Amino acid sequence: MSKSIFLLRHGQTVFNAQQRLQGHCNSNLTNLGQQQALAIGLSLKNKLANKSQWTIYSSPLGRAVQTAEIVAQQIGIDPSDIVQDPRLQEFCLGNWEQAYIPDLKMKQPRLCEQKDWYLMAPNAESYFNVKDRIEDFLADISVSENAIVISHGLTGAVFRGVYVGMTYDEVFSQDLPQDAYFLLANDKISRIQCDIHSVKSLTV
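Residues numbered from 1 in each chain as written. Predicted model: local features only at pLDDT ≥ 70, side-chain atom pairs only at ≥ 80, totals over all residues. Heavy atoms only, no water.

The protein appears in an unreviewed UniProt entry as Glucosyl-3-phosphoglycerate phosphatase from Photobacterium andalusiense.

Right under this line is the structure:
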């Protein structure tokens, strides 16, 4: 694959901080989440030789769009040029959306023994449906050869897995960072850590 893709997860949200599941529902970035987006945007700015060659693609879910706008501003790309693509949105987590994770664990003490426990939610979107979405995105010739992709924790893990051909277990063994992002190029994945302590929070 000839594309070069910077892949990142949205910054921390209110629901993340509260240990609540989001899926297709949304909550805004926290102050920390804004700092994470700022740090990634500044890091990307220093890595892009020519910003005009890059296109930003974002999940249409609010937390991803909010992150994408912060990143775009740091790079110097007009936020109105962000392409919202539903193929990048998070798994639908069915009946567990907005649920508190500690409550789920209390009812099912062994729930988190499986790394893909999120997908046990009644009416959750299947792994294969999300995998198909990502495969379609990666094969889409209309997607820029140089793409910055803002997605989500679980969908981002599937994205990386599809890119290098991971097994199902390998996909769900990955970490889901909000203070780091990934370069996908030449059929390899490189992790890039960011220092959020070097940025100041946005004024809300």
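**Points about the sheet that holds strand 2 (residues 55-58)**
The mixed open sheet is built from 6 strands, whose spatial order is 3-2-4-1-5-6. The two strands at the open ends of the sheet, each matched to only one other strand, are strand 3 (83-84) and strand 6 (188-193). Two strands pair when backbone bridges link them, and strand 5 (residues 180-185) and strand 6 are joined in this way by 6 bridges, in the antiparallel orientation. Among the inter-strand pairings, A180 is bridged to a residue of strand 6, identified as Q193. (Pairing = 2+ DSSP bridges. Helix = DSSP H or I, 4+ residues; strand = E, 2+ residues; numbered from the N terminus.)

**Concerning the side chain of R87**
For R87, the location among the structural elements is in the loop between strand 3 and helix 4 (101-107). Within polar-contact distance, the side chain of R87 engages the side chain of D85 at 2.7 Å. Of the polar contacts made by the side chain of R87, one reaches the side chain of D136; its length is 2.8 Å. Setting aside residues no more than four positions away along its own chain, R87 makes contact with R133, I134, D136, F137, D140 and V143. (Polar contact = N/O pair within 3.5 Å; in protein donor to acceptor, adjacent residues only side chain to side chain. Contact = heavy atoms within 4.5 Å.)

**Some remarks on the nonpolar core**
One broad trend across soluble globular proteins is that nonpolar side chains are buried collectively. In terms of nonpolar packing, the biggest core is built from 32 residues, with F91, W96, V149 and F159 touching the most fellow members. Mapped by element, the contributors of at least two residues to this core are strand 1 (4-9), helix 4, helix 5 (127-139), strand 4 (146-151), helix 6 (153-164) and strand 5. Among all residues touching W96, those that are not within four sequence positions of it are L21, L104, Q108, L111, W117, Y118, M120, A121 and P122. Judged by nonpolar contacts, the second largest core, of 26 residues, contains V71, I77, I82 and I192. (Core = buried A, V, L, I, M, F, W, Y, C linked by side-chain atoms within 4.5 Å. Buried < 20%, exposed > 50% of the residue type's maximum accessible area, 1.4 Å probe, protein only.)

**Examining the environment of Q174**
Examined against the element boundaries, Q174 turns out to sit in the loop between helix 7 (168-171) and strand 5. Since its relative accessible area comes to 17%, Q174 is described here as buried. With 59 residues separating them along the chain, Q174 and K115 place their C-alpha atoms 9.5 Å apart. At a separation of 3.0 Å, a polar atom in the side chain of Q174 contacts the side chain of R160. Here the side chain of Q174 touches V171 through a polar contact of 3.0 Å, landing on its backbone oxygen.

**Some points on empty space enclosed by the protein**
Taken as a whole and assessed by the stated rule, the structure comprises 1 cavity of 30 Å³ or more. Computed from the structure, the largest cavity encloses a volume of approximately 80 Å³. Lining the largest cavity, in full, are L7, L8, R9, H152, G153, G156, A157, R160, L176, P177, A180 and F182. Those elements giving two or more residues to the lining of the largest cavity turn out to be strand 1, helix 6 and strand 5. By residue number, the principal contributor to the lining of the largest cavity is helix 6, which donates 4 residues. Along the lines of polarity and charge, the residues of the lining of the largest cavity split into 7 nonpolar, 3 polar and 2 charged. (1 Å grid on protein atoms, 1.4 Å probe; cavity = no way out; pocket = protein on both sides within 12 Å on 5 of 7 lines; lining within 4 Å. Points joined across faces, edges and corners; volume = space filled by probe spheres on them. Nonpolar A, V, L, I, M, F, W, Y, C, P; charged D, E, K, R; others polar.)

**Side note on the pattern of salt bridges**
Throughout the structure, instances matching the rule amount to 8 salt bridges. A salt bridge links R87 to D85, with the nearest nitrogen and oxygen atoms 2.7 Å apart. Just as R87 is buried, D85 falls in that class too. Residue R87 is classed as buried on the basis of its relative accessible area of 16%. (Salt bridge = Lys/Arg side-chain N within 4 Å of Asp/Glu carboxyl O.)

**Quick word on the UniProt feature "binding site: substrate" (unreviewed entry) in the protein**
The sites that UniProt annotates as "binding site: substrate" (unreviewed entry) are R9, H10, G11, Q12, T13, V14, F15, N16 and R63. The annotated residues that sit in the lining of the largest cavity are R9. Beyond its immediate sequence surroundings of up to four residues, R9 is in contact with N16, T67, S151, H152, G153, L176, P177 and Q178. At 2.5 Å, the side chain of R9 forms a polar contact with the backbone oxygen of L176. By the element assignment, H10 lies in the loop between strand 1 and helix 1 (14-17). With near-sequence residues (within four places) excluded, H10 lies in contact with N16, Q22, R63, A64, T67, I150, S151, H152 and Q178. (UniProt positions renumbered as here; feature names shortened; annotations may be inferred.)

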